[in-house]
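The lines below spell out each chain.
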Amino acid sequence: MLNQSEILKKAVEELDKIVGQNILLQESHIPHLPYLVACAREALRLHPVAPFNLPHVSTSDCTVAGGRYFIPKGSSVLLSRIGLGRNPAVWEDPLRFYPDRHLVDRHADLAETELRFISFTTGRRGCIGVGLGTNITVMLLGRLLQGFTWSIPQGLEKIDLSEAVSLFKATPLFAHAKPRLNHSVYPSLL
Ligand code: HEM
């Protein structure tokens, strides 16, 4: 978002309109912040936390994708987070960070039950923490954006987004944060 200032600006404008600058973002605001939720979804799609999901073992012979793939009983099944989230057959211009693509269907949370990318996965062994995980993620992103004006440190043109093999950022993230709310709004650390 730091590399695309118009996206950062749009998310902050939504926060200012819905939450304002006199109180901190609360969980009850989240359903009214579709663009912020879309930004978090886009981050999960494009920058997954690990290359694969947890392995599962098929308990019987089955076919998937309309019969295209046969998976024998006892196979270890791994889904590629990159293969799904950056699949050009599903996502237009897949390497572009473009939150608006998630606004076509309005999403209340970060779950992706169609598995077009992996956040919590789905089905019997899917994550049980969708609600809490969504709230924690969106609250953190939202409060960072509401509470601070973020900028790229002096001397740098862009944040380097190149990835290590683990998919983590290859270089540490440095960004400049300046408080943007009245100091009375920030919770006391004492
Ligand atoms: C952004 C936050 C979170 C993300 C992205 C996430 C993602 C995932 C994923 C990908 C799985 C594996 C599902 C599979 O193998 O198909 C999983 C499993 C699980 N998650 Fe989460 N999770 C999050 C937060 C939470 C929270 C807050 C809780 C509990 C309060 C939780 C509890 C669990 C449990 C218990 C499982 C194992 C489910 C099973 O094997 O039956 N998760 N999660």
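Reference entry: report on the structure contained in this document. Please read all numbers here as calculations on a predicted model, not as lab measurements.

### A short note on the packing of aromatic side chains
Here is step 1 of the chain: One pass over the full model with this rule turns up three aromatic pairs.
Here is step 2 of the chain: Note on Phe-148 and Tyr-186: the rings are 6.0 Å apart at their centroids and 45° apart in plane angle, and the pair reads as tilted. Separated by 38 residues along the polypeptide, Phe-148 in strand β5 (residues 148-151) and Tyr-186 in the segment after β6 (176-179) bring together distant segments of the chain.
Here is step 3 of the chain: Counting every residue linked through ring pairs, the aromatic cluster contains Phe-148, Trp-150 and Tyr-186.
Here is step 4 of the chain: Lying across the ring of Trp-91, Arg-45 places its NZ or CZ 5.3 Å from the centre.
Here is step 5 of the chain: Over the ring of Tyr-98 we find Arg-96, and its NZ or CZ is 4.1 Å from the ring centre.

### Considering the packing of helix α2 (residues 34-46) against helix α4 (residues 130-147)
Here is step 1 of the chain: Between α2 and α4, whose axes approach to 10 Å, the crossing angle comes to 110°. As far as their axial angle goes, α4 and α2 are roughly perpendicular. When you trace α2 past α4, the crossing you get is right-handed. Of the residues in α4, those in contact with Leu-36, Val-37, Cys-39 and Ala-40 of α2 are Thr-137, Val-138, Leu-141, Gly-142 and Leu-145.
Here is step 2 of the chain: For the contact of α2 with α4, a count of residues per class yields seven nonpolar, two polar and no charged.

Conventions used here
- Residues numbered from 1 in each chain as written.
- Predicted model: local features only at pLDDT ≥ 70, side-chain atom pairs only at ≥ 80, totals over all residues.
- Heavy atoms only, no water.
- Phe/Tyr/Trp six-rings, centres within 6.5 Å; stacked < 30°, edge-to-face > 60°.
- Helix = DSSP H or I, 4+ residues; strand = E, 2+ residues; numbered from the N terminus.
- Lys NZ or Arg CZ within 6 Å of the ring centre and 35° of its normal.
- Axes fitted to C-alpha atoms, helices over the stretch in contact; angles between N-to-C directions.
- Parallel < 35°, antiparallel > 145°, perpendicular 65-115°, else oblique.
- Left-handed = near helix turned anticlockwise from the far one by under 90°.
- Contact = heavy atoms within 4.5 Å.
- Nonpolar A, V, L, I, M, F, W, Y, C, P; charged D, E, K, R; others polar.

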